[in-house]
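# Remarks on the overall topology
Next come the chains, spelled out residue by residue.
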Amino acid sequence: MQFNSFTFLFNFLPLFLAVYYIFPVKWRNFVLVAGSLIFYGLGCGGNFWWLKLLVGLTLVTYLMGILLQRFRKGWLLGAELLMLFGCLMFFKRYHGGALLPVGMSFYLFQMAAYLMDIYRLIIPAENRFIRYAAQCTMFPKLLCGPLMEPADLREQVRQRSFHGSEFHRGIQELILGLGMKVLLANRLGGLWSQAAVFGYESISVPFAWMALLAYALRLYFDFFGYSLMGIGLGRMLGFRLPENFLEPYFAKTVSDFFRRWHATLGHWFRGYVYIPLGGNRKGLLRTVLNLCAVWLLTGIWHGNGGNYLIWAAFLCLMIVLERLFLGKLLNRSRGLCHVYLVFVILLSWVPFAIGDWNRMTVFLGRLFGVGGIGLNPRDYLVWGQRYLVLLLTGVFCATPITRWLCGKIRHHPLFDLLLFVLFWVSIYFIATAAQDPFLYFQY
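Residues numbered from 1 in each chain as written. Predicted model: local features only at pLDDT ≥ 70, side-chain atom pairs only at ≥ 80, totals over all residues. Heavy atoms only, no water.

Let us now look at the side chain of arginine 154. Looking at where arginine 154 falls in the secondary structure, it is placed in helix H8 (residues 150-158). Not counting the four nearest positions on each side in its chain, arginine 154 is found in contact with Ile123, Pro124, Ala125, Glu126 and Gln135. (Helix = DSSP H or I, 4+ residues; strand = E, 2+ residues; numbered from the N terminus. Contact = heavy atoms within 4.5 Å.)

Structure representation (C-alpha cells):
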C-alpha cells in the first residue's frame, strides 16, 4: 500500500487515526504496531510471507538485543549482524532481487543500528516487545525511512507529546509530499521515459540533457515526497522523524550533496561503517580505503547490477579527489562549485538509471554528441514546449527558496487553502493516471 493511493488516503489512514486517538495513551504503541502490520500486510500484494518475515525478524532481534546486553561479546554481535545482512543479501541476489520484501533494507538497517548501539552501551536493550516492535514497524518510516537514531526512536516510543498544532503541520507536510510525488515526480518521469521510447541513439544532445535533468528531478521529488509524507504522518502520531533531504542540488561538493541527499542513510553509513573503520583519523590512505568500503557497500545496497557499482565508484572517486585537491579549488568560487556539483551529479545518475552497459554508453555519448546520428535533431523543441514549465517548476522547488517560503506562510490561512487545492488536484491526477510506485521501494 502506497501513501499516494486511494486505499491509504481515504480508507486506512482515517480509520487508523480514529482508532489511534480513541485508545488511551498507554495502548497507542499496541495500536501503532497492529496498524503498521495491517498496513504492511495490505501492501504485500498477496505475499504474506513478507509480513511473517517482518514479524519474525522483529521478534528475533528483540531477543538478540536482550542476549547481547547480557553477554556483550563481539562474536555474538558479529553473528547477529551476519544473520541480518545475510538475509538481506540472500533476497537481493535471489532472482535478481525480484523477491526482495518491500522495505526490508530499511527495517534491517534500523534493527542493525539497535543491536550495535546496545553493544556500544549507547542504549539498553528494550524490555518490552511491543515498544521494540513499534520502533521497527512504525508505518510512516517502515518502507523507505527515514532511518532514526535508536536512542531517539526509543525515547519517542516511550514518551511522545500530542499537539493540535503538530497534527496540523503533519497534514501540511503530507499534502506537500503528495504533490511532489504526483504532480512533479510522476509527470517528469514521462519525459525521461520518452528518451527510451525514441531510442538513446536517435535523440539530440539538448534532448538528452533535458531528459537527464527530468530524471534527476523525478528521483529527487519521488523520494523527497515520500520522506516528507512519512515525516508528516509521524508528526500526526506524535513523532518527530528526522529530515531526509536538505536541498541537495544546492550543495557545493559531492560530499556535501550526500550529507543532504537521503541524509539519514548517509548518517547510518557514517556512524556504523565509516567511523568504526577509523574514519579519517588514521591517515590519508586509510581514509581513502574507508571511503571505498562505504561506497562499495552503498553500491551493493542499491542493487545487484554492475551499474550501481559504476555509480558508486564514480562518486567515490570524485569525493577522494575533493579531499585531495579539488575541494580547495572549488571553494575559491561559489558559482563554480555549484556548476561542478550539478554536472557531476547529473552524470552520476546515468549509470544509476540505465542498467544495460551498451545503452548506458550510447546515452553518455549522446550527452556529448558522440555515438549517434540524431534522427530527431529538433526533438527538444517539441518536448520542451510540453515540459518546460514543469522542469522550471521542479528546479524552483528544489531550491532553498521554497522551504523559506513555506516557513514564512505556514501559519497563514491562505497556505491551508492552497494545500486544499493541491490535495484535490493531486487526487485528480491519481484518479486519471496509472499508479506509479515510489522508486526507492525497489531498494
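Moving on, we come to the environment of leucine 336. With respect to the secondary-structure elements, leucine 336 resides in helix H15 (residues 334-353). Judged by its relative accessible area of 45%, leucine 336 falls in the partly exposed class. Measuring from C-alpha to C-alpha, the distance between leucine 336 and lysine 252 comes to 8.8 Å, with 84 residues separating the pair along the chain. (Buried < 20%, exposed > 50% of the residue type's maximum accessible area, 1.4 Å probe, protein only.)

Attention shifts here to the packing of helix H13 (residues 284-302) against helix H14 (residues 306-330). Running from N to C, H13 and H14 point in directions that differ by 155 degrees, and their axes come no closer than 8 Å. When the axis of H13 is compared with that of H14, the two are roughly antiparallel. In this structure, H13 crosses over H14, and the sense of that crossing is right-handed. Residue-level contacts link Leu284, Thr287, Val288, Leu291, Cys292, Trp295, Leu296, Thr298, Gly299, Ile300 and His302 of H13 to Tyr308, Leu309, Trp311, Ala312, Leu315, Cys316, Ile319, Val320, Arg323 and Leu324 of H14. (Axes fitted to C-alpha atoms, helices over the stretch in contact; angles between N-to-C directions. Parallel < 35°, antiparallel > 145°, perpendicular 65-115°, else oblique. Left-handed = near helix turned anticlockwise from the far one by under 90°.)

Our focus in this paragraph is the packing of helix H12 (residues 263-274) against H13. The geometry of H12 relative to H13 is characterised by a closest axis approach of 11 Å and an angle of 130 degrees between their N-to-C directions. One way to sum up the angle between H12 and H13 is to call them oblique. At the point where H12 passes H13, the crossing takes the right-handed sense. Facing H12, whose interface residues are Leu265, Phe269, Val273 and Tyr274, H13 presents Thr287, Asn290, Leu291, Val294, Leu297, Thr298 and Trp301.

For the coordinates displayed, the defined rule picks out 67 aromatic pairs. Between tyrosine 21 and phenylalanine 162, the aromatic rings sit 5.9 Å apart at their centres with planes inclined by 85 degrees, giving edge-to-face as the arrangement. Of this pair, tyrosine 21 sits in helix H1 (residues 6-22) while phenylalanine 162 sits in the loop between H8 and helix H9 (164-198), and the two are 141 residues apart along the sequence. Given the relative accessible area of 30%, tyrosine 21 is considered partly exposed. Directly above the aromatic system of tryptophan 383 lies the positively charged group of arginine 386, at a separation of 4.4 Å from the ring centroid. (Phe/Tyr/Trp six-rings, centres within 6.5 Å; stacked < 30°, edge-to-face > 60°. Lys NZ or Arg CZ within 6 Å of the ring centre and 35° of its normal.)

Further remarks concern unusual backbone geometry. Residue glycine 145 is joined to proline 146 through a cis peptide bond whose omega torsion reads 10 degrees. Structurally, proline 146 is set in the loop between helix H7 (139-142) and H8. The backbone of arginine 72 shows a phi angle near 45 degrees, a positive value even though the residue is not glycine. Relative to the assigned elements, arginine 72 resides in the loop between helix H3 (48-71) and helix H4 (74-93).

This next bit is on the nonpolar core. Counting residues in each nonpolar core, the largest one holds 147 residues, and the members touching the most others are Phe8, Met104, Tyr107, Phe139, Trp268, Trp349 and Phe363. Of all the elements, helix H10 (residues 205-236) adds the most residues to this core, at 20 residues. (Core = buried A, V, L, I, M, F, W, Y, C linked by side-chain atoms within 4.5 Å.)

Turning our attention to H3. Its 24 residues give H3 an end-to-end C-alpha distance of 35 Å, which sits within 8% of 34 Å, the value for a rise of 1.5 Å per residue. If you check which residues of H3 are buried, you get Trp50, Leu51, Leu53, Leu54, Leu57, Thr58, Thr61, Tyr62, Met64, Gly65 and Leu68. In this fold, the buried residues of H3 make contact with helix H2 (28-42), H4, helix H5 (104-119), helix H6 (129-137) and H7. Within two residues after H3, arginine 72 carries a phi angle of roughly 45 degrees, on the positive side. (Expected span 1.5 Å × (residues − 1).)

Counted by the stated rule, this structure contains 12 salt bridges. Across the salt bridge formed by glutamate 126 and arginine 158, the nearest N and O atoms sit 3.2 Å from each other. Placement of glutamate 126 in the loop between H5 and H6 and of arginine 158 in helix H8 is noted, with a sequence separation of 32 residues between them. For glutamate 126, a relative accessible area of 1% translates into the label buried. Look at arginine 158 and you get partly exposed, because its relative accessible area is 37%. (Salt bridge = Lys/Arg side-chain N within 4 Å of Asp/Glu carboxyl O.)

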